[in-house]
Amino acid sequence: MEISLLTDVGQKRTNNQDYVNRYKNRAGIDLIVLADGMGGHRAGHIASEMAATDLGISWVDTQIHTLNDVREWFATILEAENQKIHELGKTEEYRGMGTTLEAVVIIEHQMIYAHIGDSRIGLVRDGEYQQLTNDHSLVGALVRAGQLTEEEAKHHPQKNFITQSIGQQNPIEADIALKTLEIGDYILINSDGLTNMVSNEDIRDIVLSEVALDSKTESLIRFANNAGGTDNITVALIHITEEARQ
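All of these numbers come straight from a predicted model, not from anything done at the bench. (Residues numbered from 1 in each chain as written. Predicted model: local features only at pLDDT ≥ 70, side-chain atom pairs only at ≥ 80, totals over all residues. Heavy atoms only, no water.)

1. So, the sheet that holds strand β10 (residues 186-190)
Here's step 1: Across the sheet, five strands lie side by side as β1-β11-β10-β7-β8; this open sheet has antiparallel pairing. Both edges of this open sheet fall to β1 (2-8) and β8 (128-131), since each of them pairs with a single strand only. Within the sheet, the average angular offset between the axes of one strand and its neighbour, ignoring direction, is 20 degrees.
Here's step 2: Pairing of strand β7 (residues 120-125) with β8 involves four bridges; the strand directions are antiparallel. Bridging from a neighbouring strand, Arg 125 pairs with Glu 128 of β8.
Here's step 3: In the packing of helix α6 (residues 200-207) onto the sheet, contacts are made with β7, β8, β10 and β11 (233-239), and the angle to β8 comes to roughly 125 degrees.
Here's step 4: Those strands touched by helix α7 (residues 213-226) are β1, β10 and β11, and its axis lies near 150 degrees from that of β11. (Pairing = 2+ DSSP bridges. Helix = DSSP H or I, 4+ residues; strand = E, 2+ residues; numbered from the N terminus. Axes fitted to C-alpha atoms, helices over the stretch in contact; angles between N-to-C directions. Contact = heavy atoms within 4.5 Å.)

2. Regarding the nonpolar core
Here's step 1: Core analysis: the largest hydrophobic core is formed by 31 residues, its most contacted members being Leu 31, Leu 55, Trp 59, Phe 74, Leu 78 and Val 105.
Here's step 2: Among the elements of the structure, β2 (18-24), β3 (30-38), α1 (43-60), α2 (67-88), β5 (101-107) and β6 (110-116) are those that each provide at least two residues to this core.
Here's step 3: No other element matches α1, which puts eight residues into this core.
Here's step 4: Setting aside residues up to four positions removed in sequence, Trp 59 forms contacts with Tyr 23, Lys 24, Asn 25, Ile 29, Asp 30, Leu 31, Ile 64, Val 70, Trp 73 and Val 105. (Core = buried A, V, L, I, M, F, W, Y, C linked by side-chain atoms within 4.5 Å. Buried < 20%, exposed > 50% of the residue type's maximum accessible area, 1.4 Å probe, protein only.)

3. Brief notes about the environment of Ile 107
Here's step 1: Within the fold, Ile 107 resides in strand β5.
Here's step 2: Each C-alpha atom of the pair Ile 107 and Asp 126 lies 21 Å from the other, and the pair is 19 residues apart in sequence.
Here's step 3: With near-sequence residues (within four places) excluded, Ile 107 lies in contact with Ile 29, His 65, Thr 66, Leu 67 and Val 70.

4. So, the packing of aromatic side chains
Here's step 1: Per the counting criterion, the structure on display carries two aromatic pairs.
Here's step 2: Centre to centre, the rings of Trp 73 and Phe 74 are 5.7 Å apart; their planes meet at 45 degrees, and the pair counts as tilted. Both residues of the pair, Trp 73 and Phe 74, count as buried.
Here's step 3: Feature note: the residues Trp 59, Trp 73 and Phe 74 constitute an aromatic cluster, connected by ring pairs. (Phe/Tyr/Trp six-rings, centres within 6.5 Å; stacked < 30°, edge-to-face > 60°.)

Now the structure itself:
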């Protein structure tokens, strides 16, 4: 299994409120976490880094190696982090802070992932890109209801209205799901700074290009910046090789 992580401030923002990292636990299992912060110049950056780092610190101290244990860990740690960031967001300095969050664990040929917000997890297989997550957003709900197209959603005035995030008052309703993987699959985790700038067709073509994995992530970032780079852009790209199934 190969993993490439990259984040970029984009063309319009002065600071990067995205955060991505990779953590390995005592059983040798990787956790990849990507978060896109919200809540002001400083608070968004703190929320995303705090959420990802807190999950990472907890993960590296575990010996979790089964999918059921990961699912239970996700459910517990995510709500604890939600409450922690919500409490901090009550203070004047960090008022309204929150973050989206994508967390992925791959054990042998199975992926389990947790999804909160409008960052995305997708799969490139057999020459096609498939979005695995549904955006927790107002426009995401309108797209699923058939009231907006994906293209219309990208330009909707309320496209940044999130319906689920780490840091909200109510308990979060994270999507936790499994996906069976095949050798040659690519898993793409990205913030909406990529989604809003680059089409699924271009994403697919870049991921399938005959270059090294790090070059693919660099190309995804470059395409988003060339299209305007209106937000921070963050990508985690995972290639499932034969070793991942042994």
